[in-house]
Amino acid sequence: LPYTVRDERARLSLMLPIDEPIQSLTAERATQLFRASSERTSRNGRPLSADSLYFLLKTAKRFATWCIERGYLTNNPFAKIRKVGRLATGKLQLTADEARRFLDTALQMAAEGNANAVAVALQLSLGLRSSEVLARRVRDLDEGGTVLLITSGKTVNARRRPEVPDFLRPHLLKLAAGQPGDAFLFGTTPSGGQRLTGSLIRQVHQVCERAGVPKVCAHSLRGLHATLALRQGVSSQAVAGALGHASFAVRARHYA
């Protein structure tokens, strides 16, 4: 998918120097580049986590495999590099009270005309991936704004029709008003393409700061949605379906 290509390219740019030829990417050079990446810091000034480094390494291995298939490389220079550190299980989540403050603040910002605040409120309320939120077009807001069509996504189970909460419906209808059906609901980049997920990450941090709650990542809102639903008695299979998973096992492994 176009946004997958864009995101992979953005991640690779954190590690691979664009001014070096592909053929110079030996196993030794790949190790040097990965070690240099492990010394980078994240947006919050902290060292990259083991999860982030592992994700970056997997992206580099996929890219090298792609190069081999096209004859640019004869072997994968990242093949023998192993992940560093211990991977975390799940992401930091807000408590129920913090989630209420987060949502109230997001809705306040939405009332002020902040479209990104509507997007993160929607992400928390429906458990959507950032890419699923930003890929929505005006025509996906169906049945008078009561249903949001998720037509495709990361997995074959991503297609679903979640109901839009009443408190979000007016905000979504306002964003859609006067827009053609194929327009992106939450706007576009300056070049006219789908907006980057980084815009939601920044918005989540802004809402957290204004609400006075711990700063979390945008993707943690998806896990928080599942956690709160389970606490309210929603069945595990229903939660899996809402997240676009085939079974609850995926949710338990990645969000618990």
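Our subject is the structure listed above.
In short, a report on the structure. The structure presented is a predicted model; accordingly, all values stated were derived computationally and were not measured.

**Here's the deal with the pattern of salt bridges**
For side chains bearing opposite charge, pairing can occur when the charged atoms are close.
And step 1. A full pass over the atoms with the stated rule returns 11 salt bridges.
And step 2. The shortest N-O distance in the salt bridge between Arg-160 and Glu-132 comes to 2.8 Å. Taken together, the residues Arg-160 in the loop between strand S2 (147–148) and helix H7 (169–176) and Glu-132 in helix H6 (residues 130–134) connect sequence positions 28 residues apart. Note on accessibility: Arg-160 and Glu-132 belong to one class, buried.
And step 3. Asp-140 is the partner of Arg-136 in a salt bridge, and the nearest nitrogen-oxygen pair spans 3.1 Å.

**Observations regarding the state of the cysteines**
And step 1. One pass over the structure, following the stated rule, counts 0 disulfides.
And step 2. Here Cys-208 is not disulfide-linked; the sulfur of Cys-217 is the nearest cysteine sulfur, at 9.5 Å.
And step 3. The exposure class assigned to Cys-208 is buried, which follows from its relative accessible area of 0%.

**So, the environment of Leu-200**
And step 1. Along the chain, the position of Leu-200 falls in helix H8 (residues 198–211).
And step 2. When the C-alpha atoms of Leu-200 and Ala-218 are compared, they prove to be 6.4 Å apart, with 18 residues separating the residues in sequence.
And step 3. Discounting chain neighbours no more than four positions away, the residues touching Leu-200 are Asn-116, Ala-119, Val-120, Gln-123, Ser-130, Val-133, Leu-134 and Ala-218.

**Notes on the nonpolar core**
When a protein is soluble and globular, its nonpolar side chains tend to lie buried together.
And step 1. In terms of nonpolar packing, the biggest core is built from 41 residues, with Phe-102, Val-120, Leu-122, Leu-148, Leu-172, Phe-186 and Val-204 touching the most fellow members.
And step 2. Broken down by secondary-structure element, the contributors of at least two residues to this core are helix H4 (96–111), helix H5 (115–126), H6, H7, H8 and helix H9 (220–231).
And step 3. The element that contributes the greatest number of residues to this core is H5, accounting for 8 residues.
And step 4. Listed in part, the 17 residues of the second largest apolar core include Phe-34, Leu-53, Leu-57 and Leu-73.

**Let's talk about the packing of H4 against H5**
And step 1. Remark: H4 packs on H5, axes separated minimally by 8 Å, with the N-to-C direction vectors making an angle of 145 degrees. Of the two possible hands of crossing, H4 and H5 adopt the one that is left-handed. In this structure, H4 uses Ala-99, Phe-102, Leu-103, Ala-106, Leu-107, Met-109 and Ala-110 to contact H5, whose residues at the interface are Ala-117, Val-118, Val-120, Ala-121, Leu-124 and Ser-125.
And step 2. A per-class count over the contact of H4 with H5 returns 12 nonpolar, 1 polar and no charged.

**Notes on the packing of aromatic side chains**
And step 1. Tallying each qualifying case throughout the model produces 2 aromatic pairs.
And step 2. When the ring of Phe-63 is compared with that of Trp-66, the centres are 6.0 Å apart and the planes differ by 20 degrees; the resulting orientation is stacked. Of the two residues, Phe-63 and Trp-66 both sit in helix H3 (residues 50–69), 3 residues apart, roughly one turn of that helix.
And step 3. Taking relative accessible area as the criterion, Trp-66 reaches 39% and is therefore assigned partly exposed.
And step 4. Each residue in the set Phe-63, Trp-66 and Tyr-72 is aromatic and connected to the rest through ring pairs, giving one cluster.
And step 5. In this structure, Arg-137 packs its charged tip against the face of Phe-184, placed 4.1 Å from the ring centre.

**Things to note about H5**
The α-helix winds at 3.6 residues per turn, so residues separated by three or four positions along the chain end up facing the same way.
And step 1. Helix length check: H5 (12 residues) gives 17 Å between terminal C-alpha atoms against 16 Å at 1.5 Å per residue, within 8%.
And step 2. With 11 of 12 residues buried, H5 is to be regarded as a mostly interior element.
And step 3. Where H5 begins, the side chain of Asn-114 points an oxygen toward the backbone nitrogen of Asn-116, at a separation of 3.0 Å.
And step 4. Directly beyond the C-terminal end of H5, a positive phi value near 70 degrees is found at Gly-127.

**Topic: the side chain of Ser-131**
And step 1. As for its position among the elements, Ser-131 is in helix H6.
And step 2. With a relative accessible area of 14%, Ser-131 lands in the buried category.
And step 3. Not counting chain neighbours up to four residues away, the residues in contact with Ser-131 comprise Tyr-3, Gln-194 and Thr-197.

Thresholds applied
Residue positions are given per chain, counted from 1 along the sequence in the order it is written. Given that the model is predicted, a residue must reach a pLDDT of at least 70 before its local features are reported, and side-chain atom pairs must reach 80 or more before they are shown or counted; all residues, however, enter totals for whole chains, interfaces and linings. Hydrogen atoms and water are omitted, and side-chain values are computed over all heavy atoms in the structure. Whenever a carboxyl oxygen of Asp or Glu lies within 4 Å of a side-chain nitrogen of Lys or Arg, that contact is scored as a salt bridge. Helix and strand labels come from DSSP, where a helix needs a run of H or I of at least four residues and a strand needs a run of E of at least two; each type is numbered from the N terminus. Here's how the labels work: a residue is buried when its accessible area is under 20% of the maximum for its type, exposed when over 50%, partly exposed in between, all with a 1.4 Å probe on protein chains only. Note that a disulfide, as used here, is simply two cysteine sulfur atoms within 2.5 Å. Contact between two residues is taken to exist if any of their heavy atoms lie within 4.5 Å; hydrogens are not considered. What we call a nonpolar core is a set of buried Ala, Val, Leu, Ile, Met, Phe, Trp, Tyr and Cys residues that are connected through their side-chain atoms within 4.5 Å. Think of each axis as a best-fit line through the C-alpha atoms, taken over the contacting stretch in the case of a helix, with angles from 0 to 180 degrees between the N-to-C directions. Less than a right angle of anticlockwise turn of the near helix away from the far helix marks a crossing as left-handed, whereas a clockwise turn marks it as right-handed. As a working rule, the residues Ala, Val, Leu, Ile, Met, Phe, Trp, Tyr, Cys and Pro are called nonpolar, Asp, Glu, Lys and Arg charged, and the rest polar, with Gly in that last group. When the centres of two rings from Phe, Tyr and Trp lie within 6.5 Å, Trp using its six-membered ring, the rings pair. Their planes under 30 degrees apart give stacked, over 60 give edge-to-face, and anything left gives tilted. Should the NZ of a Lys or the CZ of an Arg lie within 6 Å of a ring centre and within 35 degrees of the ring normal, that charge is described as sitting over the ring. Expected helix span is taken as 1.5 Å per residue step, with the number of steps being one fewer than the number of residues. Counting of polar contacts relies on pairs of N or O atoms within 3.5 Å, with two restrictions inside protein: one atom must be capable of donating a hydrogen and the other of accepting it, and residues adjacent in sequence are counted only when both atoms are side-chain atoms.

Distances and angles like these do not, on their own, reveal function.
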